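# Structure assessment
Residue strings, one per chain:
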Amino acid sequence: IGAIRLRGERMAGLYPQDAAVPASGTTLQFDAVPTALRYVVTVEDPTGQMVFQAASESSTVPVARGILLPGTRYSWHVRTVTAAGWPLEGVASFATLDEQAAREWRALKDGVERARDVPSLSLLAEVERGLGLRAEARETLRLALDMSPDSPDLTQRAEAPLREFRATDVR
């Protein structure tokens, strides 16, 4: 007798999802599920080979350095483990920055952190947005807006990118 698998609700808030991330220092995030005892997270390379797996009680799961390769697309999967009931699942994909882009982004970010002015932060946010670093771009825009909350020009320029990064996509 074959088993029937019923598909129910999917997990929400998966990040990264259709975004870029640095190959090192990547953290996978998703909305917590109140009934979950823990989560099982797996990452697969473009060939379908599992390159990372972790069980966690947290809705943020860091990927150890050296696991993800620069300039590569990955898919990832998260599944709840519950005491009773059907597990929830979520699937997303992301790409890692290639080595040169990551190096140049980090150099720009270091320079902007030293300067720490609104025009430099605005430039960095646009570069991050162009690279697909959605979480980083949102954080940089928020910092710029915090430094200059009464700037109508900055607020207007930041509105579209902040809307683009829905709250459920980026934490």
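Residues numbered from 1 in each chain as written. Predicted model: local features only at pLDDT ≥ 70, side-chain atom pairs only at ≥ 80, totals over all residues. Heavy atoms only, no water.

## Some remarks on helix H1 (residues 99-115)
Here H1 spans 24 Å end to end across 17 residues, near enough to the 24 Å set by a 1.5 Å rise per residue. Those residues of H1 that are buried are in contact with helix H2 (118-131) and helix H3 (134-147). N-cap assignment for H1: the residue whose side-chain oxygen lies 3.1 Å from the backbone N of Gln100 is Asp98. Downstream of H1 by one or two residues, Arg116 has phi in the positive range, about 45°. (Helix = DSSP H or I, 4+ residues; strand = E, 2+ residues; numbered from the N terminus. Expected span 1.5 Å × (residues − 1). Contact = heavy atoms within 4.5 Å. Polar contact = N/O pair within 3.5 Å; in protein donor to acceptor, adjacent residues only side chain to side chain.)

## Re the nonpolar core
Core analysis: the largest hydrophobic core is formed by 21 residues, its most contacted members being Phe30, Val43, Trp76, Val78 and Phe94. Elements with a contribution of two residues or more to this core: strand S3 (36-44), strand S4 (50-56), strand S6 (73-82) and strand S7 (89-96). Ranked by residues supplied to this core, first place goes to S3 with four residues. In this structure, Leu124, Leu133, Ala144 and Leu145 belong to the second largest nonpolar core, which totals 12 residues. (Core = buried A, V, L, I, M, F, W, Y, C linked by side-chain atoms within 4.5 Å. Buried < 20%, exposed > 50% of the residue type's maximum accessible area, 1.4 Å probe, protein only.)

## A word on the sheet that holds S6
Across the sheet, five strands lie side by side as S1-S7-S6-S3-S4; this open sheet has mixed pairing. For this open sheet the edge positions go to strand S1 (19-21) and S4, each flanked by a neighbour on one side alone. Shown here is a sheet whose adjacent strand axes are inclined to one another by a mean of 30°, direction ignored. With eight bridges joining them, S3 and S6 adopt antiparallel strand pairing. Looking at the pairing, Ala36 lines up with Thr82 of S6. (Pairing = 2+ DSSP bridges. Axes fitted to C-alpha atoms, helices over the stretch in contact; angles between N-to-C directions.)

## Describing the pattern of salt bridges
Per the counting criterion, the structure on display carries two salt bridges. For Lys109, the salt bridge goes to Glu113, with nearest N and O atoms at 3.9 Å. Here Lys109 and its partner Glu113 are both found in helix H1, four residues apart, which amounts to about one turn of the helix. (Salt bridge = Lys/Arg side-chain N within 4 Å of Asp/Glu carboxyl O.)

## Some points on the confidence of the model for the protein chain
Detailed reading of the predicted coordinates is not advisable wherever pLDDT falls low. On average, the protein chain scores 86 in pLDDT, and the residues at 70 or more come to 85%. S4 holds the highest mean pLDDT among the elements of the protein chain, 97, whereas helix H4 (residues 152-164) holds the lowest, 66. The model gives residues 1-7 a pLDDT under 50, and that stretch makes two contacts with residues more than four places away or in other chains. Confidence over residues 167-171 falls short of pLDDT 50; this stretch has 16 contacts with residues more than four positions distant or in other chains. (pLDDT = per-residue confidence, 0-100.)

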